[in-house]
Amino acid sequence: MPQDNRLGAGQDGHELGAWFEESNSPSFGADLGPSFEEHNKGSRPNPHRKWYWIGALVLVALAIFLIYHYSGDTTGKTATGAAGASGAGGKGRGQTGPAAITMGQSKTGDINVYVDALGTVTPTYTVTLYSQITGRITAVHYTEGQLVRKGDALVDVDPEPYQATLDQAEGTLEHDQAVLDEAKMDLTRYQAAAAKNAIARQQLEDQEKIVLQDEGTVKTDAGTVAYDKVQLAYCHIVAPISGRVGLRLVDPGNTIFSGSSSTLVVITALQPITVVFNVSEDDLPSVQVQLKGKKALEVDAYDRADDKQIEAGKLTSLDNQIDTTTGTVKFRATFTNKGLDLFPNQFVNARLLLTTLQNTTLVPTAAVQHNGTAAFVYVVKPDPKNPANSIVSVQNITTSTSNDTVTAVQGVGPGVNLATSGFDRLENGAQVRPQTKGQKGASGVTGSSGSTGSSGSHGGKKAS
């Protein structure tokens, strides 16, 4: 009979282990694997654990791919920004071969030095007419926006009340004038009688004072007549200056009142006209140097976009003090404004011509680069190791004035080839490939070869 496999109450641990090995043996009819100790040390496998490991490996692989991809792009862009002076022809990471550039050439010429400022068109005269009498408007002679000359009729007020008052004053004057004449006749008689001692001296002296009193009355009447004539003249309002009238503010039939704030018409003088602009106090000494020589400084007025010149004028005056809030001085320039292109209160860009630099070195403005406060250019010259190629070298310069096309500099002579594009791959000693006119380089920018220009006059802005 097979051995009973039930545990007895008196079996100890050693006997239990021997029994377990015997029951797990092949002869016992079962195969439970390793021994009892090894079997109890092992853990039960988790069927989902392998999927966790697979997912982790996928995430790690994806992270490695993204890091490699984006770090490669950044490295390429960095290499594009500076072509190596050493190595295989200055090849950068991400782009290979010499940098494609365009060139310009320095030359000798003249350039104007300007002070740029923001200005406002200001009329020389602006007249606002108010009513000085009370009355009914009978006629309005101007049209809106009309150009009028000095003395042209503008508004008429009913003159009849003022004409009647004038007639009354003139009648009083005539009456008092006759009384004065009578007193003078009596005075002549008294003087003759007094000379013969025919009348008392007191009577003569009284008549002399009567004549003086009548003269005062006549003078008062004359003043009243003059005042009434002025009041009558106010019934016919005329233009005090030449200029342009604004919108119509009154209509016939309305009653206007003396001393009211109601405007009848506004006239603005347009020819000539001025531009008031603010100049920095830093530029004031250079302007004063020119003014001390009694030189008439030219001022050009440009439109709001600073593209089109509207008109040229002259500097006529400047303010007597600096505005402490802005650190600027007000300047006034006068323009003839023949074409009426300058409009009152219009915003313009004013350019004050200080002087003209003659026979100075001019370089293309696009060639000038800045590193902080220092300015420099890239000079293009043949490669001494390979004359078929070109290299660039950094040349420090000092700028004085510039405009959109050329800049006056010191530190480089005329006839020097300069790089005007492709600066992202340039550094001292980098190899370059100048592009001929109409040819596209690796950067996709159409190049143009520089040529030496003849001496000419160029407008320039004052360097800051």
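Residues numbered from 1 in each chain as written. Predicted model: local features only at pLDDT ≥ 70, side-chain atom pairs only at ≥ 80, totals over all residues. Heavy atoms only, no water.

Considerations on the packing of aromatic side chains
Cut-off, in case you're wondering: A pair of Phe, Tyr and Trp rings is counted when the ring centres sit within 6.5 Å of each other, with Trp represented by its six-membered ring. The angle between the planes then sorts it: under 30 degrees is stacked, over 60 is edge-to-face, the rest tilted. By the criterion adopted, a ring carries a charge over it if an Arg CZ or a Lys NZ lies within 6 Å of its centre and within 35 degrees of its normal.
Summed over all chains, the structure comprises three aromatic pairs. Cluster of aromatic residues (ring-pair linked, three or more members): Phe376, Tyr378 and Phe423. Cation over ring: Arg351 sits above Tyr114, and NZ or CZ is 4.2 Å from the ring centre.

Describing the sheet that holds strand S4 (residues 126-130)
Here is the rule we go by: Two strands are counted as paired when DSSP detects at least two bridges linking them. A run of H or I in DSSP becomes a helix once it reaches four residues, and a run of E becomes a strand once it reaches two; helices and strands are each numbered from the N terminus.
Strands sit in the order S4-S11-S9-S6 across an open sheet of four strands; the sheet is antiparallel. Of all strands in the sheet, those bounded by a partner on one side alone are S4 and strand S6 (147-148). Here strand S9 (residues 243-245) pairs with strand S11 (residues 263-268) via two bridges, running antiparallel. Paired with Arg244 across the bridge in S11 is Thr268.

Examining the confidence of the model for the protein chain
Going by this rule: What pLDDT reports is the predictor's confidence in each residue, on a scale of 0 through 100. Contacts are assigned to residue pairs with any non-hydrogen atoms lying within 4.5 Å of each other.
With 77% of its residues at a pLDDT of 70 or more, the protein chain has an overall mean of 81. Here residues 28-33 scores under 50 on pLDDT; set against residues more than four positions off or in separate chains, the count is ten contacts. Ignoring residues within four places in sequence, the model shows residues 438-458, a span with pLDDT below 50, making 47 contacts including any to other chains.

Structural notes on the sheet that holds strand S8 (residues 236-238)
Spatially, the four strands line up as an open sheet ordered S8-S7-S5-S10, and their pairing is antiparallel. Of all the strands in the sheet, the pair left with one neighbour each is S8 and strand S10 (255-256). Sheet topology places strand S5 (residues 135-140) next to strand S7 (residues 153-157); three bridges connect them, and they run antiparallel. The partner of Ile137 across the bridge, within S7, is Val157.

Details of the pairing of strand S14 (residues 309-318)
One ladder, built from five bridges, connects strand S13 (residues 298-302) with S14; its direction is antiparallel. From the neighbouring strand, Tyr302 faces S14, where its bridge partner is Gln309. If you look at the hairpin formed by S13 and S14, you'll find six residues sitting between the two strands, and Asp306 has a positive phi there, around 60 degrees.

As for the side chain of Asp383
Let me state the cut-off plainly: Classification of residues uses two cut-offs on accessible area relative to the type maximum, computed with a 1.4 Å probe and protein chains only: under 20% is buried, over 50% is exposed, and between them is partly exposed. As used throughout, the charge tally considers Lys and Arg to be positive and Asp and Glu to be negative, leaving His and the chain termini uncounted. Any carboxyl oxygen of Asp or Glu within 4 Å of a side-chain nitrogen of Lys or Arg constitutes a salt bridge here. For this analysis, a polar contact is any N or O atom pair within 3.5 Å, provided that within protein one partner can donate a hydrogen and the other can accept it, and provided that sequence-adjacent residues contribute only side-chain to side-chain pairs.
For Asp383, the location among the structural elements is in the loop between strand S18 (374-382) and strand S19 (390-402). Notably, Asp383 is buried but unbridged: the nearest opposite-charge side chain belongs to Lys385, and the N-O separation is 6.5 Å. One polar contact links the side chain of Asp383 to the main-chain amide nitrogen of Lys385, over a distance of 3.1 Å. Every residue in contact with Asp383, bar those within four places of it in the chain, is listed here: Asn389, Ser390, Ile391 and Gln431.

Considerations on helix H4 (residues 160-195)
Keep this limit in mind: Under the convention used throughout, the expected extent of a helix is 1.5 Å for every residue step, that is, one less than its residue count.
Here H4 contains 36 residues, and its C-alpha end-to-end distance of 53 Å stays within 8% of the 52 Å for a straight helix at 1.5 Å per residue. Among the residues of H4, those classed as buried are Tyr162, Leu166, Ala169, Asp176, Leu180, Ala183, Leu187, Ala193 and Ala194. Looking at the buried side of H4, the elements it contacts are helix H5 (201-233). Residue Asn197 follows H4 closely and has a positive phi angle near 60 degrees.

What about unusual backbone geometry?
Residue Pro272 is reached from Gln271 by a cis peptide bond, and omega for that bond is 0 degrees. Its identity as a non-glycine residue notwithstanding, Asp306 has a phi of 60 degrees, on the positive side. You can see Asp306 is positioned in the loop between S13 and S14.

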